[in-house]
Amino acid sequence: MIPSWIIIGAVTFFVALGSFFITPRDVKWFANLSRPRWLVFEPLIPVIWTVIFICGAASAYIVWEKNPGSPITWLLMALYLLVEIITVAYIPTMLRFRSLKVGEVLGLIGLISGVVLAICVLPISLTAALLLLPYLIWTPIGTYTTDELKELNPQDA
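Reading the values: rules and limits
Residues numbered from 1 in each chain as written. Predicted model: local features only at pLDDT ≥ 70, side-chain atom pairs only at ≥ 80, totals over all residues. Heavy atoms only, no water. Helix = DSSP H or I, 4+ residues; strand = E, 2+ residues; numbered from the N terminus. Expected span 1.5 Å × (residues − 1). Buried < 20%, exposed > 50% of the residue type's maximum accessible area, 1.4 Å probe, protein only. Core = buried A, V, L, I, M, F, W, Y, C linked by side-chain atoms within 4.5 Å. Contact = heavy atoms within 4.5 Å. Salt bridge = Lys/Arg side-chain N within 4 Å of Asp/Glu carboxyl O. Phe/Tyr/Trp six-rings, centres within 6.5 Å; stacked < 30°, edge-to-face > 60°. Lys NZ or Arg CZ within 6 Å of the ring centre and 35° of its normal.

## A closer look at helix α7 (residues 133–152)
Reasoning step 1: With 20 residues, α7 extends 29 Å between its outermost C-alpha atoms, agreeing within 8% with the 28 Å of an ideal straight helix rising 1.5 Å per residue.
Reasoning step 2: Residues of α7 that are buried: Tyr 135, Leu 136, Trp 138, Thr 139, Thr 143, Thr 145, Thr 146, Glu 148, Leu 149 and Lys 150.

As structure tokens, this is what we get:
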């Protein structure tokens, strides 16, 4: 039998690959947007998200191992997956529609879903809930950044 951490890690990895379905034209649109002067950490964003996804997968693993295969655990795994899909959909969806508002809405939905997930996970494992903190801290920063991009680029809101 394949260990649960390998399955959870593989699902996380393959869902994260979904963000690569972006056409070069879409990337060019985003690259040409005006950015706030304080956005100096943009080159670190892929590393930040990698850490966040690893923490999320570790959280899911802990929850799974507490009660493997139970209906509640499966529902929580579905919620982990939903949060990741929303997160991964943020960039390609925003770029496909060339709409910063779409990105902002997905960011807010992701944050709300992440909070719900953390609340559901907390009674099962404090460690698993704490591993969701990087997501819960970073998502508002990303959403705020998108809002600032909207302000600087009203034609692309």
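Next comes the rest of the write-up.
## Considerations on unusual backbone geometry
Reasoning step 1: In this structure, Arg 98 is a non-glycine residue whose phi angle is positive, near 50°.
Reasoning step 2: Within the fold, Arg 98 resides in the loop between α4 (71–97) and α5 (100–121).
Reasoning step 3: Look at Arg 98 and you get partly exposed, because its relative accessible area is 33%.

## Observations concerning the nonpolar core
Reasoning step 1: Counting 24 residues, the largest nonpolar core has Val 63, Met 77, Tyr 80, Leu 117 and Val 121 as its most contacted members.
Reasoning step 2: Every element with two or more residues in this core is listed here: α1 (4–17), α3 (45–66), α4, α5, α6 (126–130) and α7.
Reasoning step 3: When residues of this core are assigned to their parent elements, the largest contribution, seven residues, is made by α3.
Reasoning step 4: Aside from chain neighbours lying at most four places away, what touches Leu 117 is Leu 76, Leu 79, Tyr 80, Val 83 and Leu 132.
Reasoning step 5: Formed by nine residues, the second largest nonpolar core is a distinct cluster that contains Leu 33, Ile 86, Met 94 and Leu 100.

## A few points about the pattern of salt bridges
Any two side chains of opposite charge can pair, given that their charged atoms come close.
Reasoning step 1: In this structure the tally under the stated criterion is four salt bridges.
Reasoning step 2: One salt bridge in this structure joins Glu 104 and Lys 150, with 2.6 Å as the shortest N-O distance. On the criterion of sequence distance, the pair formed by Glu 104 in helix α5 and Lys 150 in helix α7 is long-range, its members being 46 residues apart.
Reasoning step 3: Relative accessible area serves as the criterion here: at 9%, Glu 104 is assigned to the buried category.
Reasoning step 4: Linking Lys 150 and Asp 147 is a salt bridge whose minimum nitrogen-to-oxygen distance equals 3.9 Å. Here the residue Lys 150 and the residue Asp 147 both occupy positions in helix α7, the gap between them amounting to three residues, near one helical turn.

## What to know about the packing of aromatic side chains
Reasoning step 1: Applying the stated criterion across every chain yields a total of eight aromatic pairs.
Reasoning step 2: Ring centres of Trp 38 and Tyr 144 lie 5.8 Å apart, and the angle between their planes is 20°; this geometry places the pair in the stacked category. In this pair, Trp 38 is assigned in the loop between α2 (24–31) and α3 and Tyr 144 in helix α7, connecting sequence segments 106 residues apart.
Reasoning step 3: Ring centres of Phe 41 and Trp 138 lie 5.6 Å apart, and the angle between their planes is 75°; on these two criteria the pair is classed as edge-to-face. Of this pair, Phe 41 sits in the loop between α2 and α3 while Trp 138 sits in helix α7; the two residues are 97 residues apart in sequence, bridging distant segments of the chain.
Reasoning step 4: Looking at Trp 138, the relative accessible area reads 12%, which means it is buried.
Reasoning step 5: One aromatic cluster is present, built from ring pairs that chain together Trp 38, Phe 41, Trp 138 and Tyr 144.
Reasoning step 6: Across the ring face of Phe 30, the terminal group of Arg 35 is positioned such that the distance to the ring centre comes to 4.7 Å.

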